[in-house]
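Report on the structure
Given next are the chains, with one letter for each unit.
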Amino acid sequence: MASPTVAKAPSVSEPKTLPQKSDVEAFADTNDTVDIEHVPVNDDPRQWSRTRKMVTLCIVSLATMVSALASNIQNPSNFLIEEDLHATSSQISWTLAAFQLIQGNFPLLWSAASETKGRKPVYLVASAIFVVGNVALALSKTIEVMIGMRALQAAGSCAVMAISAATLADIYEPHERGTMMGIFYAAPLLGPALGPIIGGSLSQAFSWRASFYFLLICGGVVFLSFLILFKDTYRRERSLTYRSALQRLLNSSESVQGSSESAIAVHESGKDRTSVKDTEKQLQLLNVPNDNSVVTSPPGLDNVRLSIKDINPFPPYFRILSRKNNVLILTANGLVFGFTYCLSYTCASTLANVYGYNAFSVGLVLLCLGVGSIAGSVIGGCWSDRVLAKMMEANGGKWYAEMRLESSTLGMLWLPPSVVGYAWVCEKHVNVAVICIMLVLIGFSSIWMYTSTLAYLVDANPGRSCTAVATNSSFRGSLAFLSVMVAVPLQDALGDGGLYTVWAGVLVVTELLVILVLRKGESWRREGEERELNTK
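Each value, and the rule that gives it
Residues numbered from 1 in each chain as written. Predicted model: local features only at pLDDT ≥ 70, side-chain atom pairs only at ≥ 80, totals over all residues. Heavy atoms only, no water. Helix = DSSP H or I, 4+ residues; strand = E, 2+ residues; numbered from the N terminus. Buried < 20%, exposed > 50% of the residue type's maximum accessible area, 1.4 Å probe, protein only. Contact = heavy atoms within 4.5 Å. Areas by Shrake-Rupley, 256 points an atom, 1.4 Å probe, with all protein chains shown as cover. Expected span 1.5 Å × (residues − 1). Patch = residues over 30% accessible without salt bridge, like charges linked within 9 Å, V, L, I, M, F, W, Y side chains within 5 Å. Salt bridge = Lys/Arg side-chain N within 4 Å of Asp/Glu carboxyl O. pLDDT = per-residue confidence, 0-100. Axes fitted to C-alpha atoms, helices over the stretch in contact; angles between N-to-C directions. Left-handed = near helix turned anticlockwise from the far one by under 90°. Nonpolar A, V, L, I, M, F, W, Y, C, P; charged D, E, K, R; others polar. Phe/Tyr/Trp six-rings, centres within 6.5 Å; stacked < 30°, edge-to-face > 60°. Lys NZ or Arg CZ within 6 Å of the ring centre and 35° of its normal. Parallel < 35°, antiparallel > 145°, perpendicular 65-115°, else oblique.

1. Some points on the overall build of the chain
Scanning the chain from N- to C-terminus turns up 18 helices and 2 strands. Expressed as a percentage of the 536 residues in the chain, the buried residues total 56%. The contacts of the chain with a sequence gap of at least 6 include a subset with a gap of at least 24, amounting to 87%. Here the chain displays about 21,800 Å² of accessible surface, and carbon together with sulfur accounts for 63% of that area.

Right, dumping it as structure tokens:
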């Protein structure tokens, strides 16, 4: 994707194309203040018909399901790949770890681009990269090429994982997001649920390469869906990144005007100029007309072009991390995801090596984890909205983001005991039916909690929901990378019983982090907001 550049400043003989200070101030020329999420815009996505919203939801859900399929569709075929490409178990681990590392951290770039160029262009470019990656994987002749192409595949697949939640935030109000996030997240969970059984079936019937040909076809369908059916949900008036660029352009245009007084009449009001940094903080609240009329872009503002510094992902990334409530929730989400990825990887190994299962049978057992996850996502999302509604009613109709976390406590009760149960039924080589039950319980309780914490990240970071979700992906991918790299050595040293007893202890700490944010998060969040507003 070409790097965006700042539009060339027009010559002094064409002054009418320069945005004037009054153009920018047209966005803030009244008395009533609303939050950035409710700034009036043209063709407001939140006012779209139910049908249009459902089409959007279905497309992004399909895309995330395919992306999630890519993460573990090869797990049942790992031993086949190892034999065919003469690879070691360590190299096979790298095919999984490289995917997770890139899929987790590359969304920082995609999210920054989506906040300046819109959601649809990013979806299209990323889908095209995903298709190319799958072609190369299907034709791989060496394990080194496969590791590299898994990284390329991850770079293409991760955009939808990061941007989809922000897309839903574009079209749904906060009180609807719990249910819709639950429904949406069932789709990417369906990917890991079906991935092993699809991969196992194709590998058993054809070869391990068939899995990547299957992903190639799915990627083509996703690309065409975004190209033909998807309508962009991005509105620049609700993006803090874009509004910061407006202030930058204003300062730039004032400099041009000041140096061209002989050609352009400059009328200074004597007001103190506000620095870019100050304005970015102040623009978090926007003044709108009393009649809530739709805002249209003043003349000249449509010519805004953003430079590479405006899509630098690191300033917003570090801004998300500057708040303690965000850091604790991100850590909790990363640990839960690292655990589930480690579980699916080592479980496949245990079933193949200890129980003697073939690729199809391994996929069938791992389907239980996905079934539990889907149930936990849908039911947990509905429960989250129900609890939120009750708390709002008790609070006089007012809400704050931490209310969202209250619903996660129910799932916390079941997760550590389920993990300990799984640990020792695997260690003692109990009948596989018991393993299936444990996997369903683990999937249900872990995703029940994750649905609420993901919705919280979106609610707690208005105007930066895309960056928040991308940061979440970074934490998830990095911790999944670490968990995969140490999974086999720890499994060999401790056995399944010891390994997952340790994981149960880690998950107890994770739940304590969420509870701490539930109790202290509101005050931390307000401190962070005040600190940002006061930063010079």
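2. Thoughts on helix α9 (residues 209-228)
In this model, α9 (20 residues) spans 29 Å end to end at C-alpha, consistent with the 28 Å of a helix rising 1.5 Å per residue. Inspection of α9 places Arg209, Ala210, Ser211, Phe212, Leu215, Cys218, Gly219, Val222, Ser225 and Phe226 among the buried residues, and these make up the whole buried set.

3. Observations regarding a nonpolar patch on the surface
Together, Leu224, Leu227, Ile228 and Leu229 line one region of the surface with nonpolar side chains, adding up to about 390 Å² of accessible area. Within the secondary structure, Ile228 is located in helix α9.

4. Digging into the environment of Leu80
Tracing the chain through its elements places Leu80 in helix α3 (residues 78-84). For Leu80, a relative accessible area of 24% gives the class partly exposed. Remark: the alpha-carbon pair of Leu80 and Ala359, spanning 279 residues in sequence, is separated by 8.9 Å. Once residues lying within four places of it in the same chain are set aside, the contact partners of Leu80 are Ser203 and Trp208.

5. Brief notes about the confidence of the model for the chain
Residue-level pLDDT values for the chain average 75, and 74% of them are 70 or greater. Predicted confidence is poor over residues 1-34, with pLDDT under 50, and the contacts of this stretch with residues over four places away or in other chains come to 69 contacts. Taken together, the stretch residues 261-301 has pLDDT below 50 and engages in 81 contacts with residues farther than four places along the chain or on a different chain.

6. So, the packing of helix α13 (residues 324-353) against helix α14 (residues 359-394)
At their nearest, the axes of α13 and α14 sit 10 Å apart, and the two run at 145° to each other. Considering how the two elements wind past one another, α13 and α14 form a crossing that is right-handed. For the pair α13 and α14, contact is made by Leu343, Ser344, Cys347, Ala348, Leu351 and Ala352 and by Val362, Val365, Leu366 and Leu369, respectively. Grouping the amino acids of the contact of α13 with α14 by side-chain chemistry returns 9 nonpolar, 1 polar and no charged.

7. Quick look at helix α16 (residues 415-427)
Between its first and last C-alpha, α16 extends 19 Å over 13 residues, near the 18 Å set by a 1.5 Å rise per residue. By the burial criterion, the buried members of α16 are Leu415, Pro416, Ser418, Val419, Tyr422, Ala423, Val425 and Cys426. Looking at the buried side of α16, the elements it contacts are α13, α15 (409-412), α17 (432-460) and α18 (465-534). Looking one or two places after α16, you find His429, whose phi comes out positive at around 55°.

8. A look at the side chain of Ser452
For Ser452, the position within the fold is in helix α17. In this structure Ser452 comes out as buried when scored by relative accessible area, which is 0%. Leaving out residues up to four positions away in the same chain, Ser452 has contacts with Ser384, Arg404, Leu405, Ser407 and Ser408.

9. Quick word on the packing of aromatic side chains
Summed over the entire model, instances satisfying the criterion amount to 13 aromatic pairs. Residues Phe339 and Tyr500 carry aromatic rings whose centres are separated by 6.2 Å and whose planes lie at 75° to one another, so their mutual orientation is edge-to-face. Taken together, the residues span a long stretch of sequence, with Phe339 in helix α13 and Tyr500 in helix α18 at a distance of 161 residues. The exposure classification of Phe339 matches that of Tyr500, with both residues buried. Put simply, the rings of Phe339, Tyr422, Tyr500 and Trp503 pair up and form one aromatic cluster. Taking the ring centre of Phe337 as reference, the NZ or CZ of Arg476 above it sits at 4.0 Å.

10. Re the packing of helix α7 (residues 143-171) against α18
For the pair α7 and α18, interaxial distance at closest approach is 8 Å and the crossing angle is 150°. In terms of orientation, α7 and α18 fall into the roughly antiparallel class. For α7 against α18, the interelement crossing comes out right-handed. Where α7 abuts α18, its residues Met161, Ala162, Ile163, Ala165, Ala166 and Ala169 lie against Ser465, Cys466, Val469, Ala470, Ser473 and Arg476. Of the residues assigned to the contact of α7 with α18, the class counts are 9 nonpolar, 2 polar and 1 charged.

11. Some words on unusual backbone geometry
One non-glycine residue, His86, lies in the positive phi region at around 55°. Tracing the sequence through the fold places His86 in the loop between α3 and α4 (89-105). Here His86 falls in the exposed class, since its relative accessible area comes to 70%. The phi dihedral of His429 falls on the positive side, at around 55°, and the residue is not glycine. Relative to the elements of secondary structure, His429 occurs in the loop between α16 and α17.

12. Quick word on the environment of Phe444
Tracing the backbone through its elements, the reader meets Phe444 in helix α17. A relative accessible area of 29% places Phe444 in the partly exposed class. The sequence separation of Phe444 and Gly370 amounts to 74 residues, and the corresponding C-alpha distance is 8.7 Å. Filtering out sequence-adjacent residues up to four positions away, Phe444 remains in contact with Gly372, Ser373, Ala375, Gly376 and Ile379.

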